[in-house]
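# Reading the structure
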Number of protein chains: 2
Amino acid sequence: MNLAGREAASEGPARGRPRSEAVERAIVEGVMKLLEDGVPLAELSIERIARTAGVGKATIYRRWPGKEELFVDVVRQAEPADPALPGTSMRDDLVAVLEQLRERGLMSRSSVLLHNVFAQMKSSPKVWKAYHTSVVDPRRRLQYEILRRGQATGELRSDVDIDVLSDCFVGPMLLRTVMRPDAELPEGLSEQIVDTLLSGLRPVSSPSA
Amino acid sequence: MNLAGREAASEGPARGRPRSEAVERAIVEGVMKLLEDGVPLAELSIERIARTAGVGKATIYRRWPGKEELFVDVVRQAEPADPALPGTSMRDDLVAVLEQLRERGLMSRSSVLLHNVFAQMKSSPKVWKAYHTSVVDPRRRLQYEILRRGQATGELRSDVDIDVLSDCFVGPMLLRTVMRPDAELPEGLSEQIVDTLLSGLRPVSSPSA
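Residues numbered from 1 in each chain as written. Chains lettered and ligands numbered in written order. Predicted model: local features only at pLDDT ≥ 70, side-chain atom pairs only at ≥ 80, totals over all residues. Heavy atoms only, no water.

## Topic: the interface of chain B and chain A
Taken together, the 38 residues of chain B in the interface contact 38 residues of chain A. Taken over both partners, the interface formed by chain B and chain A buries close to 3300 Å², and the fraction arising from carbon and sulfur atoms is 61%. If you sort the residues of chain B by the area they bury against chain A, B:Arg157, B:Met179 and B:Leu201 come out on top, with a joint share of 21%. Run the count over chain B and chain A and you get 8 salt bridges. Taking the shortest distance from any N to any O, the salt bridge between B:Asp167 and A:Arg180 comes out at 2.9 Å. Taken together, the connections running from chain B to chain A amount to 18 residue pairs in polar contact (both at pLDDT 80 or more). Elements with a contribution of two residues or more to the side of chain B that touches chain A: helix H8 (125-153), helix H9 (162-179) and helix H10 (189-199) of chain B. Taken together, the residues that form the side of chain B that touches chain A break down as 20 nonpolar, 9 polar and 9 charged. (Contact = heavy atoms within 4.5 Å. Buried area = accessible area lost by both parts, 1.4 Å probe. Salt bridge = Lys/Arg side-chain N within 4 Å of Asp/Glu carboxyl O. Polar contact = N/O pair within 3.5 Å; in protein donor to acceptor, adjacent residues only side chain to side chain. Helix = DSSP H or I, 4+ residues; strand = E, 2+ residues; numbered from the N terminus. Nonpolar A, V, L, I, M, F, W, Y, C, P; charged D, E, K, R; others polar.)

Spelled out as structure tokens, the structure:
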């Protein structure tokens, strides 16, 4: 890590990606190390991060406008990767989206680090906003895209606001992962939620259906 | 307030409810006043509350085991009242449950006090736990009851875990009120969510239905 950091001092803009990526990795891992050591977000200064990663402060500022954006990148790399959408149907794509949320929930339960990182993030409005802009909003736009494709192929009703439809699919999973830390997150839950919502919560051959 | 508090000093156990209720109100309003003045939860000592309400510390401890439980009672009184269930159908009862969540969301957006109170509550694990035990858990048990009645009357499918069904109904509303502070909470949203979920998210005459 420190080696990569020191090399970066002589790095020019024309040197290409690999070296630059090594520097970024050193910085991100420096932040993770500090967090693992229990340093709270409020005490994570750019100076301290630079010292830990063995790079100059300018090297960090060339890549991130401030510690909020850097911290969000760290969180993003600690989270499960964005899902690869199978593209076979809206149903399958939605299951993939919910699976990522489920994995994220399982990870934040098993990793004290990630759990603390989320908690700290929420207590800082600036970081929370940066996280939304760079992680949550794109995720939401992806959900909208999937649902619009579903409306186009006739898999999803189009008489209800897409924003409400999106909340119907992700709301139950987010309720379990974020707001109900004791709720079970078993395998098959994503499929169960998506399929139950698609066919409706009335009994299949209900008199009132 | 102070008058009610001072009277309480001479209050005996046989004096009946009205005076006791006045004392409780004085204490709860004392806490609200301190919160409105911007005193953070961590600095809300029983001593300070007693001084503000004009009662002795013992008067508070006779009613609440600690400041966590008192604080939760204050939050409960600041929130919209539990819904009166119409009892006409599971659908109508669920709409009433979601309406309370929607009102609570609207209130926490318009009231800076309530917004701060929720934020502070989440940052204290002890208060958060007390709030769950005395507010969230009973609310959840009520949802289960409504859903079980719906299964009994044939309004709700019974091939899916009641816990998952419950999250399907309240998840979308909680996502909007708690996790998406910018999301709209228009009139009619509760009805729209419940009815959409009951009939299913597939188009009504979908080829894949």
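## Quick notes on the relation of the copies chain B and chain A
Least-squares fitting of chain B to chain A yields an RMSD of 0.0 Å, with the transformation described by 0.0 Å of translation along the axis and a rotation of 180 degrees. Taken together, the rotation and translation relating the two chain copies correspond to the operation of a two-fold axis. Closest approach to the rotation axis among the C-alpha atoms of chain B is made by B:Gly200, whose C-alpha sits 1.6 Å away. Both copies contact each other with a shared surface, as 100% of the interface residues of chain B are interface residues in chain A too. (Least-squares fit on C-alpha atoms with pLDDT ≥ 70 in both.)

## What about helix H8 (residues 125-153) of chain A?
Along an α-helix, residues three or four apart share an orientation, since each turn contains 3.6 residues. All names here are of chain A. With 29 residues, H8 ought to run about 42 Å at 1.5 Å a step, and its terminal C-alpha atoms sit 40 Å apart, in line with that. Bending of H8 peaks at approximately 45 degrees at the position of His 132. Those residues of H8 not exposed but buried are Val 127, Ala 130, Tyr 131, Val 135, Arg 139, Arg 140, Gln 143, Tyr 144, Ile 146, Leu 147 and Gly 150. Those residues of H8 hidden inside the fold are in contact with helix H5 (67-78), helix H6 (90-110), helix H7 (112-123) and helix H9 (162-179). (Expected span 1.5 Å × (residues − 1). Bend = angle between axes of the 7 residues up to and from the residue. Buried < 20%, exposed > 50% of the residue type's maximum accessible area, 1.4 Å probe, protein only.)

## Describing the pattern of salt bridges
Pairs may arise between side chains of opposite charge once their charged atoms sit close together. Evaluation of the coordinates by the stated rule reveals 34 salt bridges over all chains. For A:Glu68, the salt bridge identified is with A:Lys126, shortest N-O distance 4.0 Å. Here A:Glu68, found in helix H5, pairs with A:Lys126, found in helix H8; they are 58 residues apart in sequence, far enough to count as distant. Here the salt bridges do not stand alone but share partners, grouping A:Arg140, A:Asp163, A:Asp167, B:Arg176 and B:Arg180 into one network.

## Describing the UniProt feature "DNA-binding region" (unreviewed entry) in chain A
Those residues carrying the UniProt feature "DNA-binding region" (unreviewed entry) are residues 45-64 of chain A in this numbering. Overall, residues 45-64 of chain A shows 75% helix and 0% strand. The separation of its end C-alpha atoms is 13 Å. (UniProt positions renumbered as here; feature names shortened; annotations may be inferred.)

## Here we look at the side chain of B:Asp163
Position of B:Asp163 relative to the elements: it lies in helix H9. Classification of B:Asp163 by relative accessible area gives buried; the value is 13%. Separated by 3.1 Å, the side chains of B:Asp163 and A:Arg176 make a polar contact. At 3.3 Å, the side chain of B:Asp163 and the side chain of B:Arg140 are in polar contact. Excluding anything up to four places from it in sequence, B:Asp163 contacts A:Arg176, A:Arg180, B:Arg140 and B:Tyr144.

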